[in-house]
There are 2 protein chains.
Amino acid sequence: MALEHAILVSLDERPGTGYELARRFDKSIGFFWAATHQQIYRTLKRMDDLRWVTAEEVAQDGRPDKKVYRVSPEGRQELQRWLRETGEPATVRHDLAVKIRGASLGDPRAVAEEVARHRRHHAERLDVYRAIEKKDFPDPSALHGRRLHQHLVLRGGIKAEEALLEWCDEVLAAMREDDPR
Amino acid sequence: MALEHAILVSLDERPGTGYELARRFDKSIGFFWAATHQQIYRTLKRMDDLRWVTAEEVAQDGRPDKKVYRVSPEGRQELQRWLRETGEPATVRHDLAVKIRGASLGDPRAVAEEVARHRRHHAERLDVYRAIEKKDFPDPSALHGRRLHQHLVLRGGIKAEEALLEWCDEVLAAMREDDPR
DNA sequence: TCACTCATGTAACAGGTTACATGATTCC
DNA sequence: GGAATCATGTAACCTGTTACATGAGTGA
């Protein structure tokens, strides 16, 4: 499991509450590792039990108390151990591919519409990534260390979305030619 | 959940046992939908209860009895219903991206080695996909219906692996330049 | 007044992973 | 003799998803 490790990386960049982490997982780090707030609270509790993080309770007025989590030395050690580990590429599960493969058992036009929906989604996502790149990494060749690594991950997102977008276009063109309306 | 639907698509192409399905999920359909034999047996039982498939027990000599599953009319209906459904793109979880983003908190060279391992994996996978394309789809422009859809899914796999391969190369080049040995 | 944000959680369930178990046959 | 193949499963556990719950403050 890498959720713990994704949290360690994120908390090392900057300490935060479960709530804040949940929002980071809705963007930035969440672009390549999805997690809901329930998963995050549950995992933070476990990490606290393991002493990978320390929690500092902060009272606030007019707001519920919050727990600010920080990575502990043990947590940093665990992260280093995990970074040295080898692992297999993620097993993929693409609903859309299953739908395309089964298209002729149902209504191929409905499947083509679904592909078009996904195309729009990937185009939007790609725009978001490119906007982030332009804003946060205007001069990529000057990057080093952590900033370089952050940019490289973003580059992965851009490449993946580009490939998905091209694929959707290829599928749509081929299906349109197979069944011109 | 789409495992049921992936099984329906696969069984519609050709009936088979849980064991056979498990092996199909090690290749072809498994390239874009992973499943273990335990998941498949469990799911087939549920699908049998729901009457989406019918099981025919076949006695064999020298071999354990087997159950050959076929898609039922109800199963075909369920598949058609699902094909008309809309869904969101799969939520991704890339360990490797988390490792790259955290590289500077550990040993960046160890992470680079891990990227190189993944690069080899993707290169192999791409070779496999291209070999299948050459063998099974020598004339893509002549394809229609089911065969066309099968080819389009394979194209998705090829595009995804190409993108991952390029990304690994980009990451390796950038990390090497950042930390020349 | 109503929706949204901040902040944390419980509970139930669905889905996925890992380990273990059985037993004959075929191939090296 | 030992490994791989065919064939099916149980059990325990870990992860992930969905729904529900609370409660104050902020802004339209």
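Residues numbered from 1 in each chain as written. Chains lettered and ligands numbered in written order. Predicted model: local features only at pLDDT ≥ 70, side-chain atom pairs only at ≥ 80, totals over all residues. Heavy atoms only, no water.

Looking at an unreviewed UniProt entry, one finds chain A named PadR family transcriptional regulator and attributed to Saccharothrix mutabilis subsp. mutabilis.

(A) Summary view of the side chain of A:T17. All names here are of chain A. In this structure, T17 sits in the loop between α1 (3–13) and α2 (18–24). Look at T17 and you get buried, because its relative accessible area is 8%. Here E20 takes part through its backbone nitrogen, which lies 3.0 Å from a polar atom of the side chain of T17. Contacts of T17, omitting those with residues within four sequence positions, involve K66, K67 and V68. (Helix = DSSP H or I, 4+ residues; strand = E, 2+ residues; numbered from the N terminus. Buried < 20%, exposed > 50% of the residue type's maximum accessible area, 1.4 Å probe, protein only. Polar contact = N/O pair within 3.5 Å; in protein donor to acceptor, adjacent residues only side chain to side chain. Contact = heavy atoms within 4.5 Å.)

(B) The relation of the copies chain A and chain B, seen in detail. Here chain A sits on chain B after a turn of 180° about the axis and a move of 0.0 Å along it, with an RMSD of 0.0 Å. The transformation relating the two chain copies, once decomposed into turn and shift, fits a two-fold axis. Of the interface residues in chain A, 100% have counterparts in chain B that sit at the interface too, so the contact is made through matching surfaces. (Least-squares fit on C-alpha atoms with pLDDT ≥ 70 in both.)

(C) Up close: the interface of chain A and chain B. Listed per partner, the contact involves 67 residues of chain A and 67 residues of chain B. Both faces combined, the contact of chain A with chain B buries some 6,300 Å², and carbon together with sulfur accounts for 64% of it. For the interface between chain A and chain B, the tally reads 8 salt bridges. As a salt-bridge pair, A:R101 and B:E13 come within 3.0 Å of each other at their nearest N and O atoms. (Buried area = accessible area lost by both parts, 1.4 Å probe. Salt bridge = Lys/Arg side-chain N within 4 Å of Asp/Glu carboxyl O.)

(D) Representation of the pattern of salt bridges within the structure. Residue and element names in this part refer to chain B. Counting across every chain of the model gives 34 salt bridges over all chains. E114 is the salt-bridge partner of R117, the closest N and O atoms lying 2.8 Å from each other. One end of the pair, R117, and the other, E114, are both in helix α6 (residues 108–136), 3 residues apart, so they sit about a helical turn from each other. Owing to a relative accessible area of 26%, R117 belongs among the partly exposed residues under this scheme.

(E) How the structure looks around the packing of helix α5 (residues 95–102) of chain B against α6(B). All names here are of chain B. Contact pair α5 / α6: the axes reach a minimum separation of 10 Å and the direction vectors enclose 155°. As judged from the angle between their axes, α5 and α6 are roughly antiparallel. In terms of crossing hand, the pair formed by α5 and α6 is left-handed. Contact residues: L96, K99 and I100 in α5; V111, E114, V115 and H118 in α6. (Axes fitted to C-alpha atoms, helices over the stretch in contact; angles between N-to-C directions. Parallel < 35°, antiparallel > 145°, perpendicular 65-115°, else oblique. Left-handed = near helix turned anticlockwise from the far one by under 90°.)

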